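# Summary of structural features
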Amino acid sequence: MEGTRYRHWGIAMQHDTRDEQHEQHEHQHQHHDSRHADRSAHAGHSALAPDKAGWPMAARATLHCLTGCAIGEILGMVIGTAFGWGNAETMALAIILAFAFGYTLTLRSILKAGVDFRTAFRVALAADTLSIAVMELIDNGVIALWPGAMDAQLADALFWGALALSLIVAFVVTTPVNKWMIGRGRGHAVVHRYHH
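It should be emphasised that the depicted structure is a prediction, and the values quoted were computed from it without experimental measurement.

### Observations concerning helix 4 (residues 117-145)
The first and last C-alpha atoms of helix 4 sit 39 Å apart over 29 residues, in line with the 42 Å expected at 1.5 Å per residue. Along helix 4, the helix axis deviates most sharply at Asp128, where the bend reaches about 40°.

### Some thoughts on the packing of aromatic side chains
Under the defined criterion, the tally for this structure stands at 4 aromatic pairs. On the basis of an interplanar angle of 25° and a centroid distance of 5.8 Å, the ring pair of Phe83 and Trp85 is categorised as stacked. You can call Trp85 partly exposed: its relative accessible area is 41%. Ring geometry for Phe99 against Tyr103: centres 6.0 Å apart, planes inclined by 50°, an arrangement best described as tilted. Taken as a pair, Phe99 and Tyr103 lie in helix 3 (residues 87-111) at a separation of 4 residues, close to a single helical turn.

### Observations concerning the packing of helix 2 (residues 55-82) against helix 4
A pair of packed helices is captured by two measures, namely the crossing angle of their axes and the spacing between those axes. Where helix 2 contacts helix 4, the axes come no closer than 10 Å and their chain directions differ by 50°. For the element pair helix 2 / helix 4, the angle class is oblique. Crossing hand, helix 2 versus helix 4: right-handed. Contact with helix 2, carried on its side by Thr62, Cys65, Leu66, Cys69, Glu73 and Met77, involves Asp128, Ser131, Ile132, Met135, Glu136, Asp139, Asn140 and Ile143 of helix 4 and no other residues of that element. Looking at side-chain class alone, the contact of helix 2 with helix 4 contains 7 nonpolar, 3 polar and 4 charged residues.

Parameters at a glance
Residues numbered from 1 in each chain as written. Predicted model: local features only at pLDDT ≥ 70, side-chain atom pairs only at ≥ 80, totals over all residues. Heavy atoms only, no water. Helix = DSSP H or I, 4+ residues; strand = E, 2+ residues; numbered from the N terminus. Expected span 1.5 Å × (residues − 1). Bend = angle between axes of the 7 residues up to and from the residue. Phe/Tyr/Trp six-rings, centres within 6.5 Å; stacked < 30°, edge-to-face > 60°. Buried < 20%, exposed > 50% of the residue type's maximum accessible area, 1.4 Å probe, protein only. Axes fitted to C-alpha atoms, helices over the stretch in contact; angles between N-to-C directions. Parallel < 35°, antiparallel > 145°, perpendicular 65-115°, else oblique. Left-handed = near helix turned anticlockwise from the far one by under 90°. Contact = heavy atoms within 4.5 Å. Nonpolar A, V, L, I, M, F, W, Y, C, P; charged D, E, K, R; others polar.

See below:
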């Protein structure tokens, strides 16, 4: 009887050991599948990257910056003209306001995604600084080089014509810059992550 009991006990132990080994094998298999799925998802994400770095996204990012810049510049020109400031002071105010409004528009869109203010502010700085800087350089450069544009008043057609053309040129020049940045995971690619 004792021998039979020990044999049964030994068989039960073998079954338990086999069950444990089977469970470990299943766990390893599931872990392997999970890692494989992660790799597939990552590969899929990488495959989408070229599309995300395309011209349409770059154009939207540039238009976003252009909107803030246009608001800031027009407001700066209006304030400078109203107070009778010189060209240098008016242009300086317009540039400061262009940056302020450009950052504000981006900041607002990131905060809507539930991000805290400090993080959102850092993202806005990283996303827009180069884009706005290039845009302002081109924009103000066109106005400075256009004969008579610096001295034009708000009521003059030359003022609005020069401003419109300078913004168009700035858009054309800045879009490739944004495309380059987005393609490297910078600029508005950073903002894009907070909307998905």
